[in-house]
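Close look at the chain arrangement
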Amino acid sequence: MNDDTRHDFQEHRAAGSLPVSETVAGAILTIDLGAIRENYRRLKARLNSVRCAGVLKANGYGLGALPVASALMKEGCDIFFVALLGEGLALRKAIGPGPDIFVLNGLPPGSEAETAAAGLLPVINSALQLKAWRETARAAGRNLPAAIQVDSGMARLGMAATEVAAIVGEADTFEGVDIRFVMSHLARADEPHEAANEAQRLEFERLRKLLPSVPASLSNSSGIFLGPAYHYDLARPGAALYGVNPTPHEANPMLPVIQIHAKVAQTRAVEKGAGIGYGHTLLAQGPLRLATISFGYGDGWHRRAASAAWFEGVRLPFVGRVSMDSIILDISSLPAGTLSEGDLVELIGSSQSLDDAAGHAGTIGYEILTSLGPRFHRRYIEA
Ligand SMILES: *Cc1c(COP(=O)(O)O)cnc(C)c1O
C-alpha cells in the first residue's frame with residue numbers, strides 16, 4: 001500500500017466502507033494536502049509568532065482527520081482540536097503520543113478516566129467538568145492537562161461569567177489541573193464590522209483576568225483576520241485550512257483544497273415535451289441533449305441545490321430533481337459527441353469554488369465538506 005491508498009483505506013474503514021477505486025466510483029473527491037499545508041503557512045504568516053493549531057473535528061471537516069493531521073504535522077503543527085471524545089480517541093490512536101489533542105465539547109460524565117488514559121486534553125466547559133477533572137487527577141495521583149473555555153458571548157459552550165466568578169471563589173479549584181489555555185469562541189468573526197466581535201474580545205479579557213494567568217486562545221479561521229488584538233497565544237483555524245473563505249466579503253486568501261468530479265453514466269437526446277426526472281419538474285421546451293452523472297444527494301450534494309456542473313469551462317445546468325445517485329445535466333451547449341459515458345464533469349474545482357457551490361445550495365462550505373459521503377473515490381495529492 002502506498003501512502004495514498006493507506007489513507008484511503010483508513011478513512012473509508014472509519015466511514016464504514018471499503019476504499020473505492022476510481023474505476024468503480026461514481027465520483028472522485030480530490031484532496032490536495034499540499035494546499036492544506038500552504039494554507040497553514042499562510043495563516044502562520046498572518047499570526048507572526050503566535051502559535052497555530054489545526055481543527056480536525058468531524059473527521060477533518062470530512063477530508064480525513066489522519067491525512068490532514070499528518071500534513072499539518074509536517075508544517076510543525078503540534079496542537080489539534082476535535083469536537084468529540086470519540087474523535088480524540090481515534091486520532092490519538094492514529095497519530096500516537098506527542099501532539100496535544102484538545103476535545104472541544106468537553107468531558108462527558110463517566111468519560112474522565114478514558115480521556116486521561118488516552119492522553120487527551122478536555123476543554124473544560126463547566127464547573128461540573130472542572131470538578132470531575134480535578135477528582136480524576138487526584139485519583140491518578142498526577143496533574144492532568146486541560147483548557148478552560150469561557151463563554152464570552154455566544155451561549156454555546158464554556159463557563160458563563162457567573163460560573164467563572166463562582167469557581168474562582170472556591171479554594172483548590174484548579175488543584176491537580178494543569179491549565180494550558182483559557183479560550184473562548186467568536187460568534188460573528190466572519191462579519192468584521194459587527195460590534196459583537198469587540199464586545200466578545202473585551203468580555204474575554206475580563207473573564208481571563210479572573211482565571212490563572214495562562215496562554216489564551218480566541219480566534220477561529222475568520223478571527224485571525226480580525227487583526228492581532230484577536231490572536232492572543234494560539235489560533236484555532238479549521239475551515240480556512242480546507243479552503244473555505246474566512247473573509248466571505250472579500251477575495252479568498254486561501255488556496256482551494258478539494259475538487260469534485262462526477263462520471264457521466266449515460267447521455268441521451270430528448271424531444272420537446274419530454275418529462276425530465278422525478279416529478280417531471282421540468283418539461284423540455286425543445287429538443288435537448290442530456291447527460292446523467294453518477295452523483296447525487298446520496299453523496300452529500302443537497303437535493304435543493306439549484307446548481308450546475310462544468311466541462312472545460314462550459315456550464316452544464318442541472319435539469320429536473322437531484323436524485324440519490326444521479327443528476328441530469330443539460331449538455332446542449334456542448335458540441336454533440338463531446339461527452340460520453342465515463343467522462344468526468346466538474347462539480348467543484350476551477351470553474352466552481354466550494355464557496356460558490358455552497359451558496360447555490362443555500363449553505364456554507366463547512367456543510368458541503370462535512371456532508372461528503374463514503375462513496376467517493378478519494379484521491380489525496382500533494383500538488
Ligand atoms: C470549529 C471551531 C473552531 C474552528 O472554526 P473555523 O471557523 O472552522 O476556523 C475553532 N474553535 C472552536 C471552539 C470551534 O468549535
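Thresholds, definitions, all that
- Residues numbered from 1 in each chain as written.
- Predicted model: local features only at pLDDT ≥ 70, side-chain atom pairs only at ≥ 80, totals over all residues.
- Heavy atoms only, no water.
- Helix = DSSP H or I, 4+ residues; strand = E, 2+ residues; numbered from the N terminus.
- Buried < 20%, exposed > 50% of the residue type's maximum accessible area, 1.4 Å probe, protein only.
- Contact = heavy atoms within 4.5 Å.
- Phe/Tyr/Trp six-rings, centres within 6.5 Å; stacked < 30°, edge-to-face > 60°.
- Near = heavy atom within 4 Å.
- Polar contact = N/O pair within 3.5 Å; in protein donor to acceptor, adjacent residues only side chain to side chain.
- Areas by Shrake-Rupley, 256 points an atom, 1.4 Å probe, with all protein chains shown as cover.
- Nonpolar A, V, L, I, M, F, W, Y, C, P; charged D, E, K, R; others polar.
- pLDDT = per-residue confidence, 0-100.
- Domains from an automatic or database assignment.
- Axes fitted to C-alpha atoms, helices over the stretch in contact; angles between N-to-C directions.
- Parallel < 35°, antiparallel > 145°, perpendicular 65-115°, else oblique.
- Left-handed = near helix turned anticlockwise from the far one by under 90°.
- Lys, Arg positive; Asp, Glu negative; His and termini not counted.
- Salt bridge = Lys/Arg side-chain N within 4 Å of Asp/Glu carboxyl O.
- Pairing = 2+ DSSP bridges.
- Right-handed = clockwise from strand over helix to strand, strands pointing away.

1. Observations concerning the overall build of the chain
Check the secondary structure of the chain and you find twelve helices and 19 strands. Overall, the chain is about 80 × 50 × 40 Å in size when its C-alpha atoms are taken along their principal axes. Relative to its 383 residues, the chain shows a buried fraction of 52%. A separation threshold of at least 6 residues defines the contact pool for the chain, and within that pool the share at least 24 residues apart is 66%.

2. With respect to the packing of aromatic side chains
One pass over the structure, following the stated rule, counts seven aromatic pairs. Between the aromatic rings of Y61 and Y366, the centroid separation amounts to 6.0 Å while the plane-to-plane angle is 40°, which identifies the pairing as tilted. Of this pair, Y61 sits in helix α3 (residues 57–61) while Y366 is found in helix α12 (residues 365–371), placing the two residues 305 residues apart along the sequence. By relative accessible area, Y61 is classed as buried at 7%. Owing to a relative accessible area of 31%, Y366 belongs among the partly exposed residues under this scheme. Taking 5.1 Å as the distance between ring centres and 20° as the angle between the ring planes, the aromatic pair formed by F81 and F102 counts as stacked. Remark: F102 occurs in strand β5 (residues 100–103) and F81 occurs in strand β4 (residues 79–82); sequence separation between them is 21 residues.

3. Describing the site of the ligand
Taken together, the neighbourhood of the ligand is formed by 13 residues, with K57, Y61, S221, A239 and Y366 sitting nearest. Note that an oxygen atom of the ligand is positioned 2.7 Å from one of the side-chain N or O atoms of K57. Between S221 and the ligand, the recorded distance is 2.5 Å, taken from a side-chain N or O atom to an oxygen atom. Relative to its unbound accessible surface of 390 Å², the ligand loses 94% to contact with the protein. Classifying every residue of the shell around the ligand gives six nonpolar, four polar and three charged.

4. Considering the environment of L104
With respect to the element layout, L104 can be found in the loop between β5 and α6 (112–117). A relative accessible area of 13% places L104 in the buried class. As for L104 and A94, which are separated by ten residues in sequence, their C-alpha atoms are 19 Å apart. Setting aside residues no more than four positions away along its own chain, L104 makes contact with K57, F81, V82, A83, V123, N125, Q149, L157 and M183.

5. Structural notes on the confidence of the model for the chain
Counting all residues, the mean pLDDT for the chain is 94, and 95% of those residues have values of 70 or more. A low-confidence stretch, residues 12–16 (pLDDT under 50), is modelled with seven contacts involving residues beyond four sequence positions or located in other chains.

6. A look at the domain arrangement of the chain
Taken domain by domain, the chain holds domain 1 (33–242) and domain 2 (258–352). On a C-alpha basis, the centres of domain 1 and domain 2 stand 42 Å from each other.

7. Some details on the packing of helix α4 (residues 65–74) against helix α5 (residues 85–95)
Running from N to C, α4 and α5 cross one another at 55°; their axes reach a closest spacing of 10 Å. The pairing of α4 with α5 is recorded here as oblique in orientation. At the point where α4 passes α5, the crossing takes the right-handed sense. Where α4 abuts α5, its residues A65, L66, A69 and M73 lie against L91, A94 and I95.

8. With respect to the side chain of D151
Positionally, D151 belongs in the loop between β7 (144–149) and α8 (161–168). Of the side chains bearing the opposite charge, R156 lies closest to the buried D151, which forms no salt bridge; the N-O distance is 8.3 Å. Here the side chain of D151 touches M154 through a polar contact of 2.8 Å, landing on its backbone nitrogen. Within the local environment of D151, its side chain forms a polar contact with the backbone nitrogen of A155, the two atoms lying 3.1 Å apart. Beyond its immediate chain neighbours, meaning those up to four positions away, D151 contacts L157, G158, M159, A160, S184 and L207.

9. Notes on the packing of helix α2 (residues 33–47) against α4
Packed helices, taken two at a time, are described by the angle their axes make and the gap between the axes. Contact geometry of α2 with α4 gives a least axis separation of 9 Å together with a crossing angle of 50°. Here α2 is positioned oblique relative to α4, judged by the angle of their axes. Judged by the twist between their axes, the crossing of α2 over α4 is right-handed. Contacts from L33, I36, R37 and Y40 of α2 reach α4 at P67, V68, A71, L72 and K74.

10. A word on the pairing of strand β6 (residues 121–124)
Burial along β6 is two-sided: L121 and V123 facing one way and P122 and I124 facing the other are all buried. With two bridges joining them, β5 and β6 adopt parallel strand pairing. Bridge assignment links F102 to a residue of β6, and that residue is L121. The β-α-β motif built from β5, the intervening α6 and the parallel element β6 has right-handed crossover chirality. Pairing between β6 and β7: two bridges, direction parallel. Bridged to V123 within β7 is A147. After leaving β6, the chain enters helix α7 (residues 127–140) and then returns to the sheet as β7, a path that is right-handed.

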